[in-house]
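Breakdown of the fold
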Amino acid sequence: MFYSLSCGFGSLVMLGSYNKRKHNCYSDAMIVSVADTATSLIAGISVFSILGFMAGQLDVGVETVAQSGPGLVFVTFPEALNQMPYPHLWALIFFVMLYTLGLGSQIATLETVLTIIYDQWPMLRKKKPLVCGIACVTCFFIGIPFMMQGGIDIFDIFDSYAGGFSVLFPAVVECVIIGWVYGVTRFVNDTNNMLNMKVSVYWRSTWGLLSPLSLILILILTFAAYTPLNHGGLLPEFADGLGWGIAMVSIIQLPIWAGIAIYQAKGSTFKEKLHESCWPAEIMVPVPVGFVEGPSDVVLEELHHVAEDDALGRKSVAVSVQSEDFDVENGSAEQHSSGSGINNEAFDQKDEELR
């Protein structure tokens, strides 16, 4: 479920950034999760039914015909389709489905990278076709080595290392930071404020306990079950080193940028800098007991992507609203900006004007 939902690839965050601040992301998350689960069940039933059919035809065990990776798609499935009525029709449908699945994943992944580029250098939003074209051509040239004689070996290295530890480890850090550093209470208050609904105890326990602990356990078991690539001695010994290098490209980013954030944080001692980088004063407002209206004395920095003449029909607009005082009296919260009295309603109104 973790990998099928692409939780650690940034695609969901990118797609969610196009929503309005008050958009009902809860229903979206439920729809996507249920659809993904149903798709996985259907895929599992079809895969194992075909494997069982092939094993029965050959009078061998399922483990004999079962293959993972490209062998399952390009060897086992075509053999099964070849024994069905109208095999050419089923083969066409199957590979069209495979193509659309890969194309959809590629679009979401590439758009994640492009959105980061546009947000980092806003002037490039006016040249989206050019930037997108350069990115596609770059991906094309990166894919050429996979098509050569040793391409299957390169694919195995990337398949074993690029989508395993390098995705799971950042996801673990993300869950830990949200649940244990930023805090479940603040995260729940933010969600309540955006959705105008009270988050149940189930989600509190999931965000604060179940998800971080589950991913940590999966990460430990993944490391414990790690075995070097072995293709009968066909791969050189440095193949695993190359794979770990690919994995570390994303993993090493976390301590590097964390160190930079601590170095640039306010404070004279390491302890002060660490505290300020983890709990910056401008966003870590103490939450009164029982207060569930969402934090007010914060820098509400929302990235909204509004209609523009491009393939997605959207563009990014950064909206930053800062309130200065946070008063809590008798369980009620009031916001005051310097001479303007900006509150959530004013923020939403400004947001609608910009869109």
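Residues numbered from 1 in each chain as written. Predicted model: local features only at pLDDT ≥ 70, side-chain atom pairs only at ≥ 80, totals over all residues. Heavy atoms only, no water.

1. A few points about the overall build of the protein
From N to C terminus, the protein includes 13 helices and 4 strands. Expressed as a percentage of its 355 residues, the buried residues of the protein come to 27%. For the protein, long-range pairs separated by at least 24 residues make up 58% of all intrachain contacts whose partners lie at least 6 apart in sequence. Working note: accessible area of the protein is about 22,600 Å², and carbon and sulfur atoms make up 67% of it. (Helix = DSSP H or I, 4+ residues; strand = E, 2+ residues; numbered from the N terminus. Buried < 20%, exposed > 50% of the residue type's maximum accessible area, 1.4 Å probe, protein only. Contact = heavy atoms within 4.5 Å. Areas by Shrake-Rupley, 256 points an atom, 1.4 Å probe, with all protein chains shown as cover.)

2. Focus: the packing of aromatic side chains
A full pass over the atoms with the stated rule returns 15 aromatic pairs. Taking the centre distance of 5.5 Å and the plane angle of 75 degrees together, the rings of F140 and F141 count as edge-to-face. Each member of the pair, F140 together with F141, is exposed. Three or more aromatic residues joined by ring pairs make a cluster, and in this case those are Y26, F187, Y202, W203 and W207. (Phe/Tyr/Trp six-rings, centres within 6.5 Å; stacked < 30°, edge-to-face > 60°.)

3. Points about the packing of helix 10 (residues 238-251) against helix 11 (residues 253-264)
Direction vectors running N to C along helix 10 and helix 11 enclose 30 degrees, while the axes themselves pass 5 Å from each other. For the element pair helix 10 / helix 11, the angle class is roughly parallel. Counting all contacts with helix 10, which are made through V249, S250 and I251, the residues of helix 11 involved are Q253, L254 and P255. Across the contact of helix 10 with helix 11, the residue classes tally to 4 nonpolar, 2 polar and no charged. (Axes fitted to C-alpha atoms, helices over the stretch in contact; angles between N-to-C directions. Parallel < 35°, antiparallel > 145°, perpendicular 65-115°, else oblique. Nonpolar A, V, L, I, M, F, W, Y, C, P; charged D, E, K, R; others polar.)

4. Remarks on unusual backbone geometry
With a phi angle near 50 degrees, Y86 is a residue other than glycine that sits in the positive phi range. Within the secondary structure layout, Y86 lies in the loop between helix 4 (70-81) and helix 5 (87-120). The exposure class assigned to Y86 is exposed, which follows from its relative accessible area of 65%. Unusually for a residue other than glycine, N196 sits at a positive phi of about 55 degrees. By the secondary structure assignment, N196 is in the loop between helix 8 (165-195) and helix 9 (201-224). When its relative accessible area of 65% is taken as the criterion, N196 is described as exposed.

5. Structural notes on the environment of A261
Structurally, A261 can be placed in helix 11. In this structure, the C-alpha to C-alpha distance between A261 and L274, residues 13 residues apart in sequence, is 8.7 Å.

6. Focus: the side chain of N193
Looking at where N193 falls in the secondary structure, it is placed in helix 8. Of note is the side chain of N193, whose polar atom sits 2.7 Å from the side chain of R21. (Polar contact = N/O pair within 3.5 Å; in protein donor to acceptor, adjacent residues only side chain to side chain.)

7. Points about the pattern of salt bridges
Taken as a whole and assessed by the stated rule, the structure comprises 1 salt bridge. One salt bridge in this structure joins R125 and D119, with 3.4 Å as the shortest N-O distance. Since its relative accessible area comes to 15%, R125 is described here as buried. (Salt bridge = Lys/Arg side-chain N within 4 Å of Asp/Glu carboxyl O.)

8. A few points about the nonpolar core
By size, the foremost hydrophobic cluster in this structure holds 12 residues: V47, I50, L51, M54, A55, V65, L72, V73, F77, A80, L81 and F94. Looking at this core, the elements that each hand over two or more residues are helix 2 (25-58) and helix 4. Setting aside residues up to four positions removed in sequence, L81 forms contacts with P87, W90, A91 and F94. (Core = buried A, V, L, I, M, F, W, Y, C linked by side-chain atoms within 4.5 Å.)

9. Some remarks on the packing of helix 8 against helix 9
Helix-helix packing: each pair is described by the crossing angle between the helix axes and the interaxial distance. Closest axis-to-axis distance for the helix 8/helix 9 pair is 9 Å, and the angle between their directions is 165 degrees. Here helix 8 lies roughly antiparallel to helix 9, going by the angle between them. Here helix 8 runs over helix 9; the crossing is left-handed. Taken together, the residues that form the contact of helix 8 with helix 9 break down as 19 nonpolar, 4 polar and 1 charged. (Left-handed = near helix turned anticlockwise from the far one by under 90°.)

10. What to know about the confidence of the model for the protein
Detailed reading of predicted coordinates is not advised where the pLDDT is low. Summary statistics for the protein give a mean pLDDT of 77 and a share of 77% for residues scoring 70 or more. Every residue in residues 288-344 scores below 50 in pLDDT, and together they form 122 contacts with partners more than four places removed in sequence or on other chains. (pLDDT = per-residue confidence, 0-100.)

11. Quick word on the environment of P212
With respect to the helices, strands and loops of the structure, P212 is situated in helix 9. Assessed through its relative accessible area of 0%, P212 is described here as buried. Put simply, P212 and V176 are 36 residues apart on the chain and 5.7 Å apart in space, counted from C-alpha to C-alpha.

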